[in-house]
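Each chain is listed here by its residues.
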Amino acid sequence: MRFDVAVTGGLLVDPEWGTLRGGLGIKDGHIAAVLAPHERPDADETIDATGLVVMPGVIDPHTHLGYALPFEEDLATETRSAALGGVTTVMSFYRQYKGAEPAPYDEIPELVEAINRRAVVDVALHLGMLAESQVNEIPRYAAAGVSSHKFYMAYRGPDGATVGMVNECDDGLLLEGLRLLGEHNGVACVHAENTDIVNRTMRQVRESGATGLRAWSAARPAFAEAENIHRVAFLARRTDATVYLVHIGSRESLEAAVQEKRAGGRVRIETCPHYLTHTYDSPVGSLAKINPPVRTADDVEAMWRGLISGDIDTVGTDHCAVPLDRKQSDIWSAAAGFPGMATTLPVLLSEGHHKRGMSLQRIAQVLSGNAASIFSMPNKGTLRPGADADLVLCDLDAERVVDHAALGSSAEYSILDGQTLKGWPVRTISHGRTVALNGEIVGEPNGRFVAR
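Attention in this report is confined to the structure presented alongside it.

**Let's talk about the packing of helix H7 (residues 195–207) against helix H8 (residues 212–219)**
Argument step 1. The contact between H7 and H8 brings their axes to 8 Å, and the two run at 145°. For the pair H7 and H8, contact is made by Val 198, Thr 201, Met 202 and Val 205 and by Ala 215, Trp 216, Ala 218 and Ala 219, respectively.

Printed below as a string of structure tokens:
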């Protein structure tokens, strides 16, 4: 067979079968063959991957395109940042209002058209379930290719005002959403923080005069998240839905989630790269304000142990391109959220593989294969013949100092600025086409809407 593209001489890393010296043949945007190490394939283009690791492209299951800036603007800039970081599928939480109130998502066709026109890499959607009028439409959203949705147990009352959210989803509506998702083979992505506790602790900590990341952590205590984890898992056992717990970053929350998973619940656990790198003593201050907050060094190590052991299923960035001028206030006024897609793979390679011995196969699982399985994308997250030819080629020995100017996001900062990481992507391939090479975007946007 003559291939469109052949990748030769690399170390292949697959989430299922591990590592193998060899190459890949690509035809019509799909992986057509796994090649022997010394095979010289007939191809229109041959990419020499000698000395490099070849992995399935990263799937980021947790981003927020359109949060701080218009959706189309974020599509252009933040999928560029994704490609530079080896991310070939971006899954974005989308929520929108008609006037001041949540309303059904009738704009899905327009979102799909924008993705197909502007995105550098593939994009899938989750929808924010904020009201009964949205939850009732879950069957219609499934028919449109959107089968996972976000439920916020946080963000009601004063807590919601901190992120500008009108959230009408109480436990009864959450249970109804879980029931509908179970009937339609969907996934409930759950932000589990007890909003009633947070409303009170936030007021108390602020009135005490405390400031900084430690104050933010105290205002949103880990036990409020752990309590909600047990509650949503209890409710989910009354349905057939899978519960995907987003942004778990504390030992207490992880222990609660693992307990529910081991008890037989259909629970999946996500952490984020900032919970692997930052504590509430980090000098970046309000730049690292996020919900739930960054915690202690002990919590950081608990997240690494959970990732390496298999307790944690995925890493999602919670990427938000929040402008710098909205981050530079005191901890109570600064916006929550920051960018992270372009540095997730380097963090896992540097802090996970090089420093903690995390296997490359495990990295491929938590950054790609598991998300593809959880969110029903069978052609993603694998080097199996027939899969989409979404690949990232990495130089494990490359050392770079993080500089936000090279990361492609519209945000003018990274919470990792100035830190040295070892192990970087050097080429990103989407549907068989190179879209990023040696830190530069090349070619035209190649992204497509991923219907699930």
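**Remarks on unusual backbone geometry**
Argument step 1. With an omega dihedral of -10°, the bond running from Asn 291 to Pro 292 counts as a cis peptide bond.
Argument step 2. Structurally, Pro 292 can be placed in the loop between helix H11 (274–277) and helix H12 (297–309).
Argument step 3. The phi dihedral of Asn 185 falls on the positive side, at around 55°, and the residue is not glycine.
Argument step 4. Position of Asn 185 among the secondary structure elements: in the loop between helix H6 (171–183) and strand E12 (187–191).
Argument step 5. Of note in this structure, Asn 438 is not a glycine but carries a positive phi near 50°.
Argument step 6. In this fold, Asn 438 is placed in the loop between strand E18 (433–437) and strand E19 (440–441).

**Observations concerning helix H10 (residues 251–262)**
Argument step 1. Spanning twelve residues, H10 covers 16 Å between terminal C-alpha atoms, matching the ideal 16 Å at 1.5 Å per step.
Argument step 2. When H10 is considered as a whole, its buried residues turn out to be Ser 253, Leu 254, Ala 256, Ala 257, Val 258 and Glu 260.
Argument step 3. Check the buried side of H10 and you find it contacts helix H9 (222–236), strand E13 (242–245), strand E14 (267–271) and H12.
Argument step 4. Just past H10, the residue Gly 264 takes up positive phi, approximately 100°.

**Points about the pattern of salt bridges**
Argument step 1. This structure, assessed with the given rule, holds 25 salt bridges.
Argument step 2. For Arg 2, the salt bridge goes to Asp 44, with nearest N and O atoms at 2.7 Å. Pair noted here: Arg 2 is in strand E1 (residues 2–14) and Asp 44 is in strand E4 (residues 42–48), with a separation of 42 residues, a long-range link.
Argument step 3. A residue is classified by how much of its surface remains accessible, and Asp 44, at 53% relative accessible area, is exposed.
Argument step 4. Note that Glu 113 and Arg 117 form a salt bridge whose closest N and O atoms lie 2.8 Å from each other. In this pair, Glu 113 and Arg 117 both sit in helix H2 (residues 108–118), four residues apart, roughly one turn of the helix.
Argument step 5. Looking at Arg 117, the relative accessible area reads 42%, which means it is partly exposed.
Argument step 6. Sharing partners across several salt bridges, the network here consists of Glu 72, Glu 113, Arg 117 and Arg 118.

Conventions and cut-offs
Residues numbered from 1 in each chain as written. Predicted model: local features only at pLDDT ≥ 70, side-chain atom pairs only at ≥ 80, totals over all residues. Heavy atoms only, no water. Axes fitted to C-alpha atoms, helices over the stretch in contact; angles between N-to-C directions. Helix = DSSP H or I, 4+ residues; strand = E, 2+ residues; numbered from the N terminus. Contact = heavy atoms within 4.5 Å. Expected span 1.5 Å × (residues − 1). Buried < 20%, exposed > 50% of the residue type's maximum accessible area, 1.4 Å probe, protein only. Salt bridge = Lys/Arg side-chain N within 4 Å of Asp/Glu carboxyl O.

Geometric descriptors of this kind do not, in isolation, establish any biological role.
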